[in-house]
Amino acid sequence: KKYRVAILGATGAVGQEFLNLIEERKFPFSELRLLASSRSAGKKIAFMGKEYTVEETTADSFAGIDIALFAGGAASKEFAPHAVKAGAVVIDNSSAFRMDPEVPLVVPEVNPEAIKKHKGIIANPNCSTIIMVMGLKPLYDLAKIRRIVVSTYQAVSGAGKEGMAELEEQVAALSAGKDAEANILPVGKLPKHYQIAFNLIPQIDVFMDNLYTKEEMKMIDETKKIMEDDSLRITATTVRVPVYRSHAESVNVEFESEISLDAARAALAAFPGVILRDNPSQQEYPMPLFTSGKTDVEIGRLRRDESTDNALNFWICGDQIRKGAALNALQIAEYMIAHELV
Ligand code: 2RA
């Protein structure tokens, strides 16, 4: 069976990765509708030997569509209800519906069962959350987790194609002895922008009343929902780094009971979508250099937290546009197809 697929936000970084993955994973589509804002409407995209014209998204864009892949952004809130009404299942990469109790928030390796409860919309978690729970779930299955302390090192692709272009232009300008121009990072719509080339910015998204950023609160709230455990204690610091597309995270996890390093290693290595790259004597550990453009997340630097009982540290890297966005969403669609849920 083949499915009629729409991609909303087809011209952005995540939209383009949807196309790459549909081809790479031989996703069974019979029709493909590429949707975007009026700004990109009319643009031609060559894909698998055919030329597609990007259409402006309207309330009527989803007639006859089975699966609507939403790349994210403000359009999700407006158009998801129209897509659902038209009979499509929406897999949405924006934050609009993630914490809605009626909407499953899914990482297929972690909580696939939640997909079955959908009422038309399934939310794809925030990129840094997806990557972190890929490491947490196999450990949680060994012993209940009590507390998580995470610091992220997030690639500029999290700010879309414009974020990547900004880093590239700044590196070129600075290398030529010119000034770096900053218009996008940390947050396009805020008044101040900082150079990201050769710098780190400890702000991803806007600040909340509790002095955390929205990105940090997403990691906290979404992790509890995905792991179905509101008792988890989580604190996060999210940082933008001058890397193009893979996020990295330093994670400290405290468990309710002791787990051995060997058991943790075995569980991580056996988990689908995870590669254990952890061989300190050979200087082998995950880096964005290895995970960018790749499907799996990589985990390494696994070690005991010697400052307390029942705690481990690990380091995890994953491609933010792939597992952190388009791949996870497409895996949700693949799961639905495999289980005849669409
Ligand atoms: C970021 N969390 O890295 C975002 C992208 N979803 O900015």
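First, a word on what this report is: a plain description of the structure on this page. Along every chain, residues carry numbers that run from 1 in the direction the sequence is written. The predicted origin of the model limits local features to residues at a pLDDT of at least 70 and limits the giving and counting of side-chain atom pairs to 80 or more, whereas totals for whole chains, interfaces and linings rest on all residues. Derived side-chain values reflect all non-hydrogen atoms in the structure, with water molecules and hydrogen atoms excluded from consideration.

What to know about the overall build of the protein chain
Part 1 of the argument: Numbering of helices and strands starts at the N terminus; helices are DSSP runs of H or I of at least 4 residues and strands are runs of E of at least 2. Within the protein chain, the regular secondary structure consists of eight helices and 14 strands.
Part 2 of the argument: Here the radius of gyration uses the C-alpha set of atoms, whereas the globule reference equals 2.2 Å times the residue count to the power 0.38. For 342 residues, the compact-globule estimate of 2.2 N^0.38 gives 20 Å, and the C-alpha radius of gyration of the protein chain, at 20 Å, lies within 12% of that figure.
Part 3 of the argument: By principal-axis analysis of the C-alpha atoms, the protein chain measures approximately 60 × 55 × 40 Å.
Part 4 of the argument: Three exposure classes are used, based on accessible area relative to the maximum for each residue type with a 1.4 Å probe and protein chains only: buried under 20%, partly exposed in between, and exposed over 50%. The buried share among the 342 residues of the protein chain stands at 52%.

Notes on helix α5 (residues 214-227)
Part 1 of the argument: Here α5 spans 20 Å end to end across 14 residues, near enough to the 20 Å set by a 1.5 Å rise per residue.
Part 2 of the argument: Of all the residues in α5, the buried ones are Glu215, Glu216, Met217, Lys218, Met219, Ile220, Glu222, Thr223, Ile226 and Met227.
Part 3 of the argument: On the buried face of α5, the contacting elements are α3 (127-140), β9 (145-154), β10 (233-240) and β11 (246-255). Each residue after the first adds 1.5 Å to the expected span of a helix. The contact criterion used throughout is that any non-hydrogen atoms of two residues lie within 4.5 Å.

Let's talk about the state of the cysteines
Part 1 of the argument: By convention in this document, the label disulfide applies to cysteine sulfur atom pairs within 2.5 Å. Within the structure shown, the criterion is met by zero disulfides.
Part 2 of the argument: No disulfide involves Cys127; its nearest neighbouring cysteine sulfur is the one of Cys317, lying 14 Å away.
Part 3 of the argument: The buried category is assigned to Cys317, whose relative accessible area is 0%.

Side note on the packing of aromatic side chains
Each aromatic ring pair is characterised by the separation of its centres together with the angle its planes make.
Part 1 of the argument: Note on aromatic pairs: the rings of Phe, Tyr and Trp (six-membered ring only in Trp) are paired at centre separations within 6.5 Å, and the planes decide the class, stacked below 30 degrees, edge-to-face beyond 60, tilted for the rest. Following the criterion strictly, the structure yields four aromatic pairs and no others.
Part 2 of the argument: Taken together, a centroid distance of 5.1 Å and an interplanar angle of 75° make the contact between Tyr153 and Trp315 edge-to-face. Of the two residues, Tyr153 is situated in strand β9 and Trp315 in strand β14 (residues 311-319); the sequence distance between them amounts to 162 residues.
Part 3 of the argument: Site record: aromatic cluster; members linked through ring pairs are Phe29, Phe47 and Tyr52.

Notes on the sheet that holds strand β12 (residues 274-276)
Part 1 of the argument: Here, any two strands with at least 2 DSSP bridges between them count as paired. If you trace the six strands from one edge of the open sheet to the other, you get β10-β9-β11-β14-β13-β12, paired in mixed fashion. The sheet is open, and its two borders are formed by β10 and β12, each paired with just one other strand. Adjacent strand axes in the sheet meet at a mean angle of 20° when their direction is disregarded.
Part 2 of the argument: Where β11 and β14 come together, nine bridges link them in antiparallel fashion. Bridge pairing in β14 places Asn252 opposite Asn313.
Part 3 of the argument: In this analysis an axis means a line fitted to C-alpha atoms, helices contributing only their contacting stretch, and an angle means the value between N-to-C directions, from 0 to 180 degrees. Strands in contact with α3 are β9, β11, β12, β13 (297-304) and β14; relative to β11, the strand with the most contacts, it is inclined by about 35°.
Part 4 of the argument: Seen against the sheet, α5 touches β9, β10 and β11 and runs at an angle of roughly 140° to β10.

With respect to the pairing of β9
Part 1 of the argument: The pairing of β9 with β11 spans eight bridges and is classified as antiparallel. Residue pairing in the sheet places Ile145 in a bridge with Phe255 of β11.
Part 2 of the argument: With eight bridges connecting them, β9 and β10 associate as parallel partners. Paired with Val149 across the strands is Thr235, a residue of β10.

Observations regarding the site of the ligand
Part 1 of the argument: Only a single heavy atom is needed: when it lies within 4 Å of a molecule or strand, its residue is near that molecule or strand. The environment of the ligand is formed by Asn126, Cys127, Gln154, Gly158, Ile204, Glu215, Arg240, His247 and Gln320.
Part 2 of the argument: A distance of 2.7 Å separates a nitrogen atom of the ligand from a polar side-chain atom of Asn126.
Part 3 of the argument: Surface exposure here means Shrake-Rupley accessible area, sampled with a 1.4 Å probe, where a residue is shielded only by the protein chains that are shown. For the ligand, whose free accessible area comes to 240 Å², the fraction covered by protein is 81%. Counted as a polar contact is a pair of N or O atoms within 3.5 Å, where, for protein atoms, one must be capable of donating a hydrogen and the other of accepting one, and residues adjacent in sequence contribute only when both atoms are in side chains.

Let's talk about helix α2 (residues 75-85)
Part 1 of the argument: Among the residues making up α2, those that are buried are Ser76, Phe79, Ala80 and Ala83. Angular distribution of buried residues about the axis of α2 spans 125°; they occupy a single face of the element. Looking at α2, the residues exposed on the side facing more than 90 degrees away from the buried face are Lys77, Glu78 and Lys85.
Part 2 of the argument: Elements that come into contact with the buried residues of α2 comprise β1 (3-8), β6 (67-70), β7 (89-92) and β8 (121-123).
Part 3 of the argument: Immediately downstream of α2, the backbone of Gly87 shows phi near 100°, a positive value. In this description, the arc belongs to the directions extending from the helix axis to the C-beta atoms.

With respect to the side chain of Asp229
Part 1 of the argument: Turning to its location among the elements, Asp229 is positioned in the loop between α5 and β10.
Part 2 of the argument: Owing to a relative accessible area of 8%, Asp229 belongs among the buried residues under this scheme.
Part 3 of the argument: At a separation of 2.9 Å, a polar atom in the side chain of Asp229 contacts the side chain of Lys144.

Thoughts on the nonpolar core
Part 1 of the argument: Core analysis: the largest hydrophobic core is formed by 54 residues, its most contacted members being Phe70, Leu136, Ile148, Val251 and Phe314.
Part 2 of the argument: A total of eight residues in this core trace back to one element, the largest contributor, which is α3.
Part 3 of the argument: Setting aside anything within four residues of it in sequence, one finds Ile148 in contact with Met132, Leu136, Leu232, Arg233, Ile234, Thr235, Val251, Asn252 and Val253.
Part 4 of the argument: Only buried residues count toward a nonpolar core, which is a set of Ala, Val, Leu, Ile, Met, Phe, Trp, Tyr and Cys residues joined through side-chain atoms within 4.5 Å. Among the nonpolar cores identified, the runner-up in size contains 46 residues, and Ala10, Phe18, Leu21 and Val54 belong to it.

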